[in-house]
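Structure at a glance
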Amino acid sequence: MFNPDDLYILPIDEWIQAAVQWTALHFRPFFTVIKWPVETLLASFEHLLQTIPFPIFVILFSLIAWRLSTRGIAFFCAVSLTFIGFIGVWQEAMTTLALIATAIVLCVIIGIPMGILCARSDRAWNITRPVLDVMQTTPSFVYLVPVVMLFGVGTVPGEVAVIVAALPPLIRFTNLGIRMVNTETVEAGLAFGATSRQLLWEIQLPLATPTILGGLNQTVLTAMVMSVIVAMIGAEGLGLVVLQGLGRLDVGRAAVGGIAIVLLAIMLDRITQSLAKASPGGRRPLTAALLRLVRSERMNLDNSGDLADSRRAAHPGS
Amino acid sequence: MNRIRIERLYKIFGDAPKRAFDMLAAGSGKDAVLATTGHVVALNDVNIEVPAGSIFMIMGLSGSGKSTLARCINRLIEPSAGSILLDGENMLKANDAQLREIRRTRISMVFQHFALLPNRTVLENAEFGLKLRGVPIDVRRNKAREVLSIVGLSAWENKYPSALSGGMRQRVGLARALATDADVLIMDEAFSALDPLIRGEMQDELLRLQRVLQKTILFITHDFQEALKLGNRIAIMSDGAVVQEGTPQEIVAAPQNDYVAAFTRDIDRARVFDATAAMVEEHPLIMDTKGSLEAGGAAAPGRFVINPQGRILGVISEEGARIHVGAPLNGGALSQNFATVSASAKLIEVAGACRGNRPVAVVDDEGKYRGRVDPSQLLACIASQPATAQPKGIHP
């Protein structure tokens, strides 16, 4: 008699079932509209990545890694990608990469404007923050429930779950980055007559860029983790390799998937981290990285000589 | 002419300042208002007039409201009540667009921690205000180069602020403020973050620039020495109110309360007071065109003799003391053993001119006689105890 089940059971499962069914039925067009850009973008990325021949992709990816970060990371990428290619999971790895790439693009499109809005309006932030808290404390596994209910199973619903999971850090970091911009610098903008748009573009966004890129790094890693988990709702990619391996008690196969996931995660983490690192000379990191991408010669990283010059010129008499 | 005139300015931080106002009107102090209403009175009935082309120092310790006052002038902080007249127009009546226009063209600002943009070069920082205003790139580049050469940073235009020393960064801050050609410059503790040597250099630099540029500068500082060195006038703030306002000399000569006196006590008066403080307005003897003395008292030894245009001809010698008024002076009656100091010379320079019993005359900018230095008055001025009689030339 002390078992609560004997006393009463709140039929919450039935209520939720009914609510979700009702929502899925009456809001179908809405969910189709949400699904469309995700599906299109994902399909394009997938097509692109699967079309590029393996050796050419390894070379291209390593070159980009070299321009964005360091030679060491580029070398690591080349070796890892080749290794992934030769352990038999190349196509799956490309699918996972397509999932992540789609998530990055959509998170940037949604997350950065939302972060800006939150930074500029306390009310927007007060509404958004509890939502983000819930999103980030919910175990990623639990995300799958509403996604399956509303979007069904497969790679595209999986991508929706990836985006939802990966979005919060970018919103948070964008908001934080803008709010953390030195008060005096913001005052300087206002004191010289900046409009609120000028303040955003001339001062707040450039100075918040390192923080925003730090958020991007978090987003990429969350997307990576989530892209594996969504295998459980039928998304393809490296996660499926692991899941199938586990299902068949094929430890070897599961480990192959696991190794490829770890290598991919390290590559993405290193590259996005070096994006966020402030570059010498004070140029904003994103611009510097993009410049490095197009310039033929490496930027001169050694600024110590300049500093010594400046000291001398500051005190010509001494 | 007053460029800025601040009348009955109040700033009260809190969401319902009405009650705080009522309490202030009823004569309550800042602490009582805070205790009862939880509102902070940052500015309490501030009245200031800033003449065009002068350096006006706002001096106070931290928490005295000086930075709030500076930010109220260009409305980075919105005042609660009162008026700020810029060339006669009330700033507080300006709408957003007008306010932006004023900030872009008429008031600029220099910040304590420079507030430069680290992702832009020195040149890009200097042209920042013009860029916000939408000035075409070649025009604003030229202007930025011009102001950078004024502050002596031409060679550094392509460097980033991180490569510059503190003093140089503040020069960039100054260049950025000068580039907009605004007449009013608000300098918020502009030199406080610099080390003492560089601070002194920058102060001299500002005085040098000011002689040429003739801007109206509102300079916020917590350093009384700095206020004395730079200021044409000083307003001393405490608890959000101006407790005394005047020229450096007026404030040091007659501090109005203990708070001000605490600042002035250890001040080297010899470097603050000018020659007029140690001057007695003794009437000189005037020599007419025929070479004889006009009326003006006895020809005592040491008295100055001037021509009708006011130029000093010499002093009466021992031998000349026997000559009567109206009689012509012969060659030996006038001695050239005297010194002159400018009326604006500080007492430290005046003291250097006093030697033995040699008379010292104070002359104005045109070289005309104004009075003579009285050594005992000079010593009384330098000593921190005021002389029994108020020195002439000081009207507290």
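Residues numbered from 1 in each chain as written. Chains lettered and ligands numbered in written order. Predicted model: local features only at pLDDT ≥ 70, side-chain atom pairs only at ≥ 80, totals over all residues. Heavy atoms only, no water.

Before going further, it helps to spend a moment on the overall build of chain A. Per the secondary structure count, chain A includes 15 helices and zero strands. For chain A, contacts bridging at least 24 residues in sequence account for 78% of all contacts bridging at least 6. Element-wise, carbon and sulfur atoms account for 69% of the exposed surface of chain A, whose accessible area totals about 16600 Å². (Helix = DSSP H or I, 4+ residues; strand = E, 2+ residues; numbered from the N terminus. Contact = heavy atoms within 4.5 Å. Areas by Shrake-Rupley, 256 points an atom, 1.4 Å probe, with all protein chains shown as cover.)

Residues and elements named next belong to chain B. Spatial ordering of the open sheet is given by β2-β1-β4-β5, a layout of four strands whose pairing is antiparallel. Taken across any chain shown, the strands that pair with only one partner, and hence form the sheet edges, are β2 (40–51) and β5 (89–90). In this sheet, strand β4 (residues 81–86) lies alongside strand β1 (residues 2–13) in antiparallel orientation, the contact comprising five bridges. Bridge pairing links I6 to I84 in β4. Taken strand by strand, helix α1 (residues 17–25) contacts β1, β2 and β4, and its axis lies near 110° from that of β1. (Pairing = 2+ DSSP bridges. Axes fitted to C-alpha atoms, helices over the stretch in contact; angles between N-to-C directions.)

Turn by turn, an α-helix covers 3.6 residues, leaving residues three or four places apart pointing in a common direction. Residues and elements named next belong to chain A. Taken together, the buried positions of helix α12 (residues 238–247) are L238, G239, V241, V242 and G245. The arc enclosing the buried residues of α12, seen along the axis, measures out at 160°, which places them on a common side. The inward-facing, buried residues of α12 abut α6 (90–120), α11 (196–229) and α13 (251–276). (Buried < 20%, exposed > 50% of the residue type's maximum accessible area, 1.4 Å probe, protein only. Arc of directions from axis to C-beta.)

Before going further, it helps to examine the pattern of salt bridges. All names here are of chain B. Per the stated rule, a full pass over the model turns up 30 salt bridges over all chains. Put simply, D183 and R3 hold a salt bridge, and the shortest N to O gap is 2.4 Å. Of this pair, D183 sits in the loop between α8 (166–179) and β7 (184–188) while R3 is found in strand β1, placing the two residues 180 residues apart along the sequence. For E205, the salt bridge is made with R208, and the minimal N-O distance between the two is 2.9 Å. Placement of the pair is E205 and R208 together in helix α9 (residues 196–213), with a separation of three residues, close to one helical turn. Shared partners join several salt bridges into a network, and the residues in it are R3, D87, E89, R106 and D183. (Salt bridge = Lys/Arg side-chain N within 4 Å of Asp/Glu carboxyl O.)

Turning to the environment of K159 of chain B, a few remarks are in order. The residue K159 of chain B is located in the loop between α7 (137–150) and α8 in this model. Under the relative-accessibility criterion, K159 of chain B is labelled partly exposed at 25%.

Turning next to the pairing of strand β18 (residues 369–373) of chain B. All names here are of chain B. Of all five residues in β18, four are buried, a share of seventy percent or more. Relative to β18, strand β11 (residues 279–280) runs antiparallel, the two sharing two bridges. Within β18, the position partnered with V280 by the bridge is R372. In this sheet, β18 lies alongside strand β17 (residues 360–363) in antiparallel orientation, the contact comprising three bridges. Each residue of the ladder has a partner; that of V363, found in β18, is Y369.

Our next topic: the interface of chain A and chain B. Accessible area lost during the coming together of the parts is what is often quoted as the interface size. Contact residues are listed per partner, giving 27 residues for chain A and 35 residues for chain B. Each partner contributes to the roughly 2600 Å² buried at the junction of chain A and chain B, and carbon and sulfur atoms together form 60% of this total. Among the residues of chain A in contact with chain B, E184, F192 and E202 of chain A are the three that bury the most area, contributing 29% of the side total. Put simply, E202 of chain A and K131 of chain B hold a salt bridge, and the shortest N to O gap is 3.2 Å. Joining chain A to chain B, the criterion identifies nine residue pairs in polar contact (both at pLDDT 80 or more). For the side of chain A that touches chain B, the elements supplying multiple residues, two or more each, are α10 (183–191), α11 and α15 (304–314) of chain A. (Buried area = accessible area lost by both parts, 1.4 Å probe. Polar contact = N/O pair within 3.5 Å; in protein donor to acceptor, adjacent residues only side chain to side chain.)

So, about the environment of N217 of chain A. Residue and element names in this part refer to chain A. Of note, N217 is situated in helix α11. Through-space distance from the C-alpha of N217 to that of I34 is 25 Å; in sequence the pair is 183 residues apart. In contact with N217, not counting residues within four places along its chain, are D269, T272 and Q273.

Looking now at helix α4 (residues 96–105) of chain B. Along α4 of chain B, the residues that are buried comprise L99, I102, R103 and R104 of chain B. On the buried face of α4 of chain B, the contacting elements are α10 and α11 of chain A together with β4, β6 (107–110) and α6 (128–133) of chain B. For α4 of chain B, the side-chain oxygen to backbone nitrogen distance between the N-cap and A97 of chain B is 3.2 Å, and the N-cap itself is N95 of chain B.

Further remarks concern the nonpolar core. Counting residues in hydrophobic clusters, the biggest one holds 151 residues, and the most contacted among them are F57 of chain A together with M187, F191, F219 and F224 of chain B. Leave out the neighbours within four places in its chain, and F219 of chain B touches I55, F56, M57, I58, M187, A190, F191, L206, E226 and L230 of chain B. (Core = buried A, V, L, I, M, F, W, Y, C linked by side-chain atoms within 4.5 Å.)

Right, let's get into the packing of aromatic side chains. Residue and element names in this part refer to chain A. The tally for this structure, following the rule as stated, stands at 15 aromatic pairs over all chains. With 6.1 Å between their ring centres and 65° between their planes, W22 and F27 make a pair best called edge-to-face. Note on W22: relative accessible area 48%, which makes it partly exposed. The exposure class of F27 is partly exposed, given its relative accessible area of 38%. Seen in terms of ring centroids, F57 and W90 are 5.7 Å apart; in terms of plane orientation they differ by 75°. Their pairing is edge-to-face. Of this pair, F57 sits in helix α4 (residues 54–68) while W90 sits in helix α6, placing them 33 residues apart in sequence. Grouping residues by exposure puts F57 and W90 together as buried. Through pairs of rings, three or more aromatic residues link up here, namely W22, F27, F30, F31 and F151. The ring of W66 has R67 lying over it, and the distance from NZ or CZ to the ring centre is 4.8 Å. (Phe/Tyr/Trp six-rings, centres within 6.5 Å; stacked < 30°, edge-to-face > 60°. Lys NZ or Arg CZ within 6 Å of the ring centre and 35° of its normal.)

All names here are of chain B. With five of its six residues buried, strand β9 (residues 233–238) lies for the most part within the structure. In terms of strand pairing, strand β3 (residues 55–60) meets β9 through five bridges, oriented parallel. Looking at β9, one finds that M57 is bridged to I234. Note: β9 against strand β10 (residues 241–246), five bridges, orientation antiparallel. When the bridges of β10 are listed, I236 appears paired with Q244. Taken together, β9 and the strand that follows it, β10, pair antiparallel across an intervening segment of two residues, in which D239 is found at a positive phi of about 50°.

We now examine a nonpolar patch on the surface. Residues L7, Y8, L10, I12, W15 and I16 of chain A make up a contiguous nonpolar surface patch of about 700 Å² in total accessible area. Considering every element that reaches the nonpolar patch, the biggest residue donor is helix α2 (residues 12–26) of chain A, with three residues. (Patch = residues over 30% accessible without salt bridge, like charges linked within 9 Å, V, L, I, M, F, W, Y side chains within 5 Å.)

To continue, consider the sheet that holds β18 of chain B. With mixed pairing, four strands are arranged side by side in an open sheet as β11-β18-β17-β16 (chain B). Of all strands in the sheet, those with a lone pairing partner are β11 and β16 (339–342) of chain B, marking the two edges.

The description of two helices packed together rests on the angle between their axes and the distance between the axes. Residues and elements named next belong to chain A. Two elements in contact, α4 and α13, have axes separated by 9 Å at closest approach and are oriented at 30°. In this structure, α4 uses F61, A65 and L68 to contact α13, whose residues at the interface are M267, I271, S274 and L275. Looking at side-chain class alone, the contact of α4 with α13 contains six nonpolar, one polar and no charged residues. (Nonpolar A, V, L, I, M, F, W, Y, C, P; charged D, E, K, R; others polar.)

Right, let's talk about the confidence of the model for chain A for a bit. Residue and element names in this part refer to chain A. Averaged over chain A, the pLDDT score is 85; the fraction of residues at 70 or greater is 87%. For chain A, α15 is the element with the lowest average pLDDT, namely 40, and α6 is the one with the highest, namely 94. The low-confidence segment residues 296–318 (pLDDT under 50) makes 21 contacts with residues lying over four places distant or belonging to another chain. (pLDDT = per-residue confidence, 0-100.)

Moving on, we come to the confidence of the model for chain B. Residues and elements named next belong to chain B. Counting all residues, the mean pLDDT for chain B is 86, and 91% of those residues have values of 70 or more. Long-range and interchain partners of residues 387–396, a stretch whose pLDDT sits below 50, account for 17 contacts in this model, where long-range means more than four residues apart. Across the predicted assembly, pTM comes out at 0.78 and ipTM at 0.79.

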